[in-house]
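# Geometric and topological summary
Okay, here's what each chain looks like letter by letter:
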Amino acid sequence: MQTVYQYYSQGQWKSSESGETIAIVSPYLKTSIGSVQALTQDEVNQCIQSAKAAQPDWSLMSIYDRAHYLHAWADELLKMKEELATIMMKEVGKAYQDAIKEVERTADLIHYTVEEAIHLSGESLNGEHFPGGSRSKLAVIERVPLGVVLAISPFNYPVNLAAAKLAPALITGNTVIFKPATQGSISGTKMIEALAKTNLPAGVLNLVTGKGSVIGDYLIEHDDIALVTFTGGTSTGERIAQKAKMIPLVMELGGKDPAIICEDANLELAAKQIVSGAYSYSGQRCTAIKRVLVHRSVADELVSLIQSEVEKLSVGSPEDNATIVPLIDEQSADFVQGLIDDALEKGATLVLGNKREENLIYPTLLDHVTKEMRIAWEEPFGPVLPIIRVDSQEEAIEIANASEYGLQASVFTQNLDKALTIARKLETGSIQINGRTERGPDHLPFIGIKKSGLGIQGVRRSIESMTREKVIILNINEK
Ligand code: G3H
């Protein structure tokens, strides 16, 4: 008998009055591994009202008391590490060891977030520092919570990217509506089971699950939501931006991260970093390297080195810790296949791959990709890497910046001046010099520009995003 997971509101686990549930089908077992509740709009509203009612007391509680719950949550997550990793593996097809690492990373993230928030301090400004001002005015600037935060997490990091939103929201005194991606919502539910074990006050965290078509817009448009923090696809992000009321948005969306390989690069290092960056978890990472822009003079050697690395990748089941695992669903595999087919039809050279078994796409390497091919611009979120040969550093920068995305980029060169010159010209949130594109460690600022996102994440910046400054001005009559 399969588990029917409940939603969590007002400190209680509940079944939806809709009587409907959504079956979660494992991407590699191809069977249902459980189901989650399909909430009604009315139930979502009750969750939001519960969060709204709980927020004043939660924010008035001492930060050390809030910290106690969050540290306890991180400890609970570690206690259930194997159970949570197994569920994550089955639900989103993540290799077991990677799922274990994700839980550990999450516990570290929660502890660090709490400590960072505890050590943040406010500011004061004296009026006399402005021309004509007077020291009789003293402004005290504090950070205060926003209210009820709506946190929507993606399938690919169902635990870590959920906690990256929940922890900064909660420690700063917000209450939260947590809506995990449907594929990922069992993992999300299990992590809230861990949080519930800490006896968190009722209403502080509410977990909602359901059909996007029924509750998606309702959640985003709700008057009592003070901030939406979302990680997922660009099209959903754009819809959120159109629908949301006049509230702050923090969004981490798609990417088309380039790796730029200069003539003087350490090609062995670059090849290893590129392959790890492009193919881990079958490329289902927003920060995956999604195109290589290599100087023509070193292209043959680089392609050969990348090919050798790709040939070493394990393909198969997440239970065997394979690097290349079935994609999240058949539709995603169809999309990736469409990009490969388009490139081959337009003259790209197939170096490796283009083999498919249902939603398992073997690691695919395409050389001589041109700007006319869809794969040069579109995000596959799958294990396919295009190589674009360029004649100059300027051409690499031009193609890199022509993308609608702007998450990260990698630059490989042994000349630091050249690296910095290129980095300064690239239109991305961050640039990695001689390393693969990646978000971590989690305290670094994480920024997507253009269609890659809005706002800033990373522990400290997330804390700042989920609070606002409040200014109290003392008008002093000095005697
Ligand atoms: O998928 C988006 C994630 O933020 C990527 O995180 O670089 O740690 O894999 P990562």
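Residue numbers run consecutively from 1 along every chain, following the written order of its sequence. Residue-level local features of this predicted model are given only where pLDDT is at least 70; pairs of side-chain atoms are given and counted only at 80 or more, and the full residue set underlies all totals for whole chains, interfaces and linings. Hydrogens and water are ignored here; the side-chain numbers use all heavy atoms of the structure.

### Observations concerning the packing of helix α2 (residues 63–79) against helix α5 (residues 160–171)
Between α2 and α5, the shortest axis-to-axis distance is 9 Å and the interhelical angle comes to 155 degrees. For the element pair α2 / α5, the angle class is roughly antiparallel. Where α2 approaches α5, its residues I63, R66, A67, L70 and W73 are matched on the opposing element by A163, L166, A167, L170 and I171. With axes taken as lines fitted to C-alpha atoms, and helix axes fitted only over the stretch in contact, angles between N-to-C directions fall between 0 and 180 degrees. Under the DSSP-based scheme used, a helix requires at least four consecutive residues in state H or I and a strand at least two consecutive residues in state E, with every element numbered from the N terminus. With respect to orientation, any angle under 35 degrees is reported as roughly parallel, any angle over 145 as roughly antiparallel, any angle of 65 to 115 as roughly perpendicular, and every other angle as oblique. By definition in these notes, contact holds between two residues if any of their heavy atoms fall within 4.5 Å.

### Description of the packing of helix α3 (residues 81–92) against helix α6 (residues 185–196)
The contact between α3 and α6 brings their axes to 8 Å, and the two run at 165 degrees. Relative to α6, α3 is oriented roughly antiparallel. When you trace α3 past α6, the crossing you get is left-handed. Taking contact as the criterion, the partners of E83, L84, I87, M88 and E91 in α3 are, on α6, S185, I186, S187, K190 and M191. Handedness of a crossing is defined here by the sense of rotation of the near helix relative to the far one, left-handed for an anticlockwise turn of less than a right angle and right-handed for a clockwise turn.

### Section: the side chain of E379
Relative to the helices and strands, E379 resides in the loop between β17 (364–367) and β18 (384–390). Residue classification places E379 among the buried positions, given a relative accessible area of 16%. Polar contacts, as counted here, are pairs of nitrogen or oxygen atoms within 3.5 Å of one another; within protein the pair requires one atom able to donate a hydrogen and one able to accept it, and residues that are adjacent in sequence qualify only if both atoms are side-chain atoms. At a separation of 3.1 Å, a polar atom in the side chain of E379 contacts the main-chain amide nitrogen of G255. Only 2.6 Å separates the side chain of E379 from the side chain of K290, close enough to count as a polar contact. Summary of the burial criterion: residues with accessible area below 20% of their type's maximum are buried, those above 50% are exposed, and those between are partly exposed, where the area comes from a 1.4 Å probe applied to protein chains only.

### Quick look at the nonpolar core
To qualify as a nonpolar core, a set must consist of buried Ala, Val, Leu, Ile, Met, Phe, Trp, Tyr and Cys residues joined through side-chain atoms within 4.5 Å. By size, the foremost hydrophobic cluster in this structure holds 57 residues, and its most contacted members are W73, L166, V176, I192 and L205. Apart from the residues lying within four places of it in its own chain, the contact partners of I192 are Y8, W13, L166, F178, L205 and L207.

### Focus on the site of the ligand
The near set for a molecule or strand comprises every residue that places at least one heavy atom within 4 Å of it. All residues in the neighbourhood of the ligand are listed as R105, N156, Y157, L161, E252, R285, C286, T287, E438, R439 and F446. Within the contact set of the ligand, an oxygen atom lies 2.7 Å away from a backbone nitrogen or oxygen of C286. For the ligand, an oxygen atom lies 2.7 Å from a polar atom in the side chain of R439. If the ligand stood free it would expose 310 Å²; the protein chains cover 97% of that surface. Here the open area of atoms and residues is found with the Shrake-Rupley method and a 1.4 Å probe, where only the protein chains shown may cover a residue.

### Here's the deal with the pairing of β17
Residues in a regular strand project their side chains so that they alternate between the two faces of the sheet. Taking every second residue as pointing to the same face, both faces of β17 are buried, with T364 and L366 on one and L365 and D367 on the other. Strand pairing follows a simple DSSP-based rule, namely that at least 2 bridges must link the two strands. Relative to β17, strand β14 (residues 349–352) is paired through 3 bridges, and the arrangement is antiparallel. Bridge pairing in β17 links L352 to L365. The sheet contact formed by β17 and β18 spans 3 bridges and is parallel.

### A short note on helix α11 (residues 330–345)
The end-to-end C-alpha distance of α11 is 22 Å, a good match for the 22 Å that 16 residues give at a rise of 1.5 Å each. Among all positions of α11, only A333, V336, Q337, L339, I340, D342 and A343 are buried. Contacts made by the buried residues of α11 are with β15 (356–357), β16 (360–361), β17 and β18. Looking at the residues trailing α11, positive phi occurs at G347, about 105 degrees. The length a helix should cover is 1.5 Å for every residue beyond the first.

### Overview of the UniProt feature "active site" (unreviewed entry) in the protein
When the UniProt feature table is mapped to this numbering, "active site" (unreviewed entry) covers E252. Structurally, E252 can be placed in strand β11 (residues 249–252). For E252, the residues in contact, after removing those within four places along its chain, are L161, F230, T231, G232, C286, F446, S452 and Q457. UniProt positions are given in the numbering used here, feature names are shortened, and annotations may be inferred rather than shown by experiment.

### Concerning the sheet that holds β14
Spatial strand order, β14-β17-β18-β13-β12-β20-β21: 7 strands in an open sheet with mixed pairing. Each end of this open sheet is capped by a strand with a single partner; those strands are β14 and β21 (430–433). Across this sheet, the average inter-strand angle for adjacent strands is 25 degrees, counted without regard to direction. In this sheet, β18 lies alongside strand β13 (residues 289–295) in parallel orientation, the contact comprising 4 bridges. Paired with H295 across the strands is V390, a residue of β18. Against the sheet, α11 engages β14, β17 and β18, with an angle of about 30 degrees to β17.

### With respect to the environment of L166
In this structure, L166 sits in helix α5. Between the C-alpha atoms of L166 and Y281, which are 115 residues apart in sequence, the distance is 24 Å. Once residues lying within four places of it in the same chain are set aside, the contact partners of L166 are W73, A151, V176, F178, I192 and L205.

### Here's the deal with a nonpolar patch on the surface
Taken together, the side chains of V140, I472, L474 and I476 make up a nonpolar region of the molecular surface, amounting to roughly 280 Å² of accessible area. Within the element layout of this structure, I476 appears in the segment after β26 (467–475). On the basis of relative accessible area, I476 is assigned to the partly exposed category, the value being 35%. For patch building, the residue pool is restricted to those with more than 30% relative accessible area and no salt bridge; the joining distance is 9 Å between like charges and 5 Å between nonpolar side chains (Val, Leu, Ile, Met, Phe, Trp, Tyr). A pair is scored as a salt bridge if a Lys or Arg side-chain nitrogen falls within 4 Å of a carboxyl oxygen belonging to Asp or Glu.

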